[in-house]
Amino acid sequence: GHIMIFKRSSYEAFGGHSVKGVRDHVVEDVMLGYFVKCAAKGTVRFYDFTSVAEIQMYNTTKELFEGYTKNIFLAFDQSILSVIAVSILNILAFGLPVTSL
């Protein structure tokens, strides 16, 4: 996630970025959410901050593909079936509406 907000007590309860499972993970944002939820017994919520911040992660289609495939594969515990299913859902939800413009 680009913007992640934690209660200090939740972040410190599991050790934050110093924990090996977070520090050494390619998709550390996913692991932070996992540790806040499981180890610190916190709550994970999703909010739309598009009125506050605009973020562009990739400049080219190639960068987008490489970043997406790296992150999605690791985020779904390297399950190719999960990656395919989520990719199809993303294309249906976000790709098709754009192509119809």
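Residues numbered from 1 in each chain as written. Predicted model: local features only at pLDDT ≥ 70, side-chain atom pairs only at ≥ 80, totals over all residues. Heavy atoms only, no water.

(A) Quick look at the overall build of the protein chain. Counting secondary structure elements, the protein chain contains 5 helices and 0 strands. Over its C-alpha atoms, taken along the principal directions, the protein chain stretches across nearly 45 × 35 × 25 Å. Looking at the 101 residues of the protein chain, the share that counts as buried comes to 17%. Within the structure as shown, the protein chain displays about 8100 Å² of accessible surface, and the carbon and sulfur contribution to it stands at 62%. Averaged over its 9 positive side-chain charges, the protein chain has a centre that lies 10 Å from the centre of its 9 negative ones. (Helix = DSSP H or I, 4+ residues; strand = E, 2+ residues; numbered from the N terminus. Buried < 20%, exposed > 50% of the residue type's maximum accessible area, 1.4 Å probe, protein only. Areas by Shrake-Rupley, 256 points an atom, 1.4 Å probe, with all protein chains shown as cover. Lys, Arg positive; Asp, Glu negative; His and termini not counted. Charge placed at Lys NZ, Arg CZ, Asp CG, Glu CD.)

(B) The arrangement of the pattern of salt bridges in detail. Applying the stated criterion across every chain yields a total of 4 salt bridges. Across the salt bridge formed by Asp24 and Lys20, the nearest N and O atoms sit 2.8 Å from each other. Shared partners join several salt bridges into a network, and the residues in it are Lys20, Arg23 and Asp24. (Salt bridge = Lys/Arg side-chain N within 4 Å of Asp/Glu carboxyl O.)

(C) How the structure looks around the packing of aromatic side chains. Using the criterion set out here, one finds 5 aromatic pairs in the structure. Here the aromatic residues Phe6, Tyr11, Phe14, Tyr34 and Phe35 are joined through ring pairs into a cluster of three or more. (Phe/Tyr/Trp six-rings, centres within 6.5 Å; stacked < 30°, edge-to-face > 60°.)

(D) Spotlight on helix H4 (residues 61-75). A rise of 1.5 Å per residue sets the reference length of H4, with its 15 residues, at 21 Å; its end C-alpha atoms lie 21 Å apart and thus fit the reference within 8%. Immediately downstream of H4, the backbone of Asp77 shows phi near 55 degrees, a positive value. (Expected span 1.5 Å × (residues − 1).)

(E) Focus on the nonpolar core. Ranked by size, the top nonpolar core spans 8 residues in total: Phe14, Val19, Val22, Met31, Leu32, Phe35, Val36 and Ala40. Sorting elements by how many residues they give to this core places helix H3 (residues 28-38) first, with 4 residues. Not counting chain neighbours up to four residues away, the residues in contact with Val36 comprise Phe6, Phe14, Lys41, Gly42 and Thr43. (Core = buried A, V, L, I, M, F, W, Y, C linked by side-chain atoms within 4.5 Å. Contact = heavy atoms within 4.5 Å.)

(F) Fine view of the side chain of Ser10. If you trace the backbone, Ser10 turns up in helix H1 (residues 8-14). Taking relative accessible area as the criterion, Ser10 reaches 12% and is therefore assigned buried. If we ignore the near neighbours within four places in the chain, the residues touching Ser10 are Ala40 and Gly42.

(G) Fine view of the confidence of the model for the protein chain. Per-chain confidence: the protein chain averages 81 in pLDDT, with 94% of residues scoring 70 or above. Looking over the protein chain, one finds the lowest element-wise mean pLDDT in H4, namely 80, and the highest in H1, namely 86. (pLDDT = per-residue confidence, 0-100.)

(H) Main features of the environment of Asn90. With respect to the helices and strands, the residue Asn90 is situated in helix H5 (residues 80-99). When near neighbours in sequence (up to four residues on either side) are disregarded, Asn90 contacts Tyr68 and Gly95.

(I) A nonpolar patch on the surface, seen in detail. Among the surface-exposed residues, Phe73, Ile80, Leu81, Ile84, Ile88, Leu89, Ile91, Leu92 and Leu96 lie close enough to one another that they form a single nonpolar patch of about 890 Å² accessible area. When residues of the nonpolar patch are assigned to their parent elements, the largest contribution, 8 residues, is made by H5. When you line up the elements, Leu96 lands in helix H5. Assessed through its relative accessible area of 43%, Leu96 is described here as partly exposed. (Patch = residues over 30% accessible without salt bridge, like charges linked within 9 Å, V, L, I, M, F, W, Y side chains within 5 Å.)

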